Amino acid sequence: MLDVHTRYEGHQLRITLAGELVLETAGDLHAELATVPAHVSGITLDCQQLTFLDSTGVSALLRLVRICKERGATLDIAGVQSDLHDALDVMGFFDLLPPK
């Protein structure tokens, strides 16, 4: 189960993920990303309540990185639990983030 909540603050978007970002739930995040307006200049992804992700979840996060780069938007990843942070760091995920 994955809950995806979005909150707009002007040109900024905060996406909060709660639960597991896996094969069965990645479509929920993809659906939200498809609705992000072009005027959004920055996205914060709040992962404080994200408990697990598999390779499909990592792919969904990479899709978000690609969207931000294509739009010239900033991306901030916040609240990643230490075990998930370590796994993403080993994969080089944080090196792919667009500059702030």
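Conventions and cut-offs
Every chain is numbered independently, its residues counted from 1 as its sequence is written. At least 70 in pLDDT is required for a residue's local features to be given in this predicted model, at least 80 for side-chain atom pairs to be given and counted, and no such filter applies to totals for whole chains, interfaces and linings, which use all residues. Each side-chain value is derived from all of the structure's non-hydrogen atoms; neither hydrogens nor water enter the calculation. Put simply, DSSP H or I for four residues or longer makes a helix, DSSP E for two residues or longer makes a strand, and each gets a number counted from the N terminus. Here the globule rule is a power law, 2.2 Å times the number of residues to the power 0.38, and the radius of gyration is based on C-alpha atoms. To sort residues, take the accessible area from a 1.4 Å probe on protein chains only and compare it with the maximum for the residue type: under 20% means buried, over 50% means exposed, and anything in between is partly exposed. Residue exposure ignores everything except the shown protein chains as possible cover, and the areas themselves are Shrake-Rupley values with a 1.4 Å probe. The charged-residue count follows a simple rule in which Lys and Arg add positive charge and Asp and Glu add negative charge, with His and chain termini not counted at all. Taken as the charge centre is NZ of Lys, CZ of Arg, CG of Asp or CD of Glu, depending on the residue. Here, nonpolar core refers to any group of buried Ala, Val, Leu, Ile, Met, Phe, Trp, Tyr and Cys residues whose side-chain atoms link them within 4.5 Å. Between two residues, a contact is recorded if the distance between any of their heavy atoms is within 4.5 Å. Multiplying 1.5 Å by the residue count of a helix minus one yields the expected span of that helix. For this analysis, a polar contact is any N or O atom pair within 3.5 Å, provided that within protein one partner can donate a hydrogen and the other can accept it, and provided that sequence-adjacent residues contribute only side-chain to side-chain pairs.

(A) Looking closely at the overall build of the protein chain. Looking only at helices and strands, the protein chain features three helices and four strands. Reading the helices (α) and strands (β) of the protein chain from amino to carboxyl end gives β-β-α-β-α-β-α. Its C-alpha atoms give the protein chain a radius of gyration of 12 Å, near enough to 13 Å, the size a compact globule of 100 residues would have. Taken along its principal axes, the extent of the C-alpha atoms in the protein chain is 30 × 25 × 20 Å. Each of the 100 residues in the protein chain was classed as buried or not, and the buried ones make up 41%. Put simply, the protein chain shows about 5,400 Å² of open surface, and 52% of that area lies on carbon and sulfur atoms. Positive and negative side-chain charges of the protein chain, numbering 7 and 14 respectively, have mean locations separated by a distance of 10 Å.

(B) Inspection of the nonpolar core at higher detail. Among the nonpolar cores identified, the biggest contains 30 residues, and Ile15, Leu17, Leu21, Leu29, Ile43, Leu45 and Leu61 are the most heavily contacted of them. Once residues within four sequence positions are removed from consideration, isoleucine 15 is found in contact with Val4, His5, Thr6, Leu29, Leu33, Ile43, Thr44, Leu45 and Asp46.

(C) Up close: helix H2 (residues 55-71). The terminal C-alpha atoms of H2 lie 25 Å apart, and with 17 residues this matches the ideal 24 Å at 1.5 Å per residue to within 8%. Listed in full, the buried residues belonging to H2 are Gly57, Val58, Ala60, Leu61, Leu64, Val65, Ile67 and Cys68. Residues of H2 that are buried make contact with strand S2 (12-21), helix H1 (26-33), strand S3 (42-53), strand S4 (74-78) and helix H3 (82-90). Taking the backbone nitrogen of threonine 56 as reference, a side-chain oxygen 3.0 Å away marks aspartate 54 as the first, capping residue of H2. Just downstream of H2 lies glycine 72, where phi reads positive at about 70 degrees.

(D) The environment of leucine 17, seen in detail. Residue placement: leucine 17 occurs in strand S2. Not counting chain neighbours up to four residues away, the residues in contact with leucine 17 comprise Leu2, Asp3, Val4, Leu29, Leu45, Asp46, Gln49 and Leu50.

Honestly, it's all geometry; don't read function into it.
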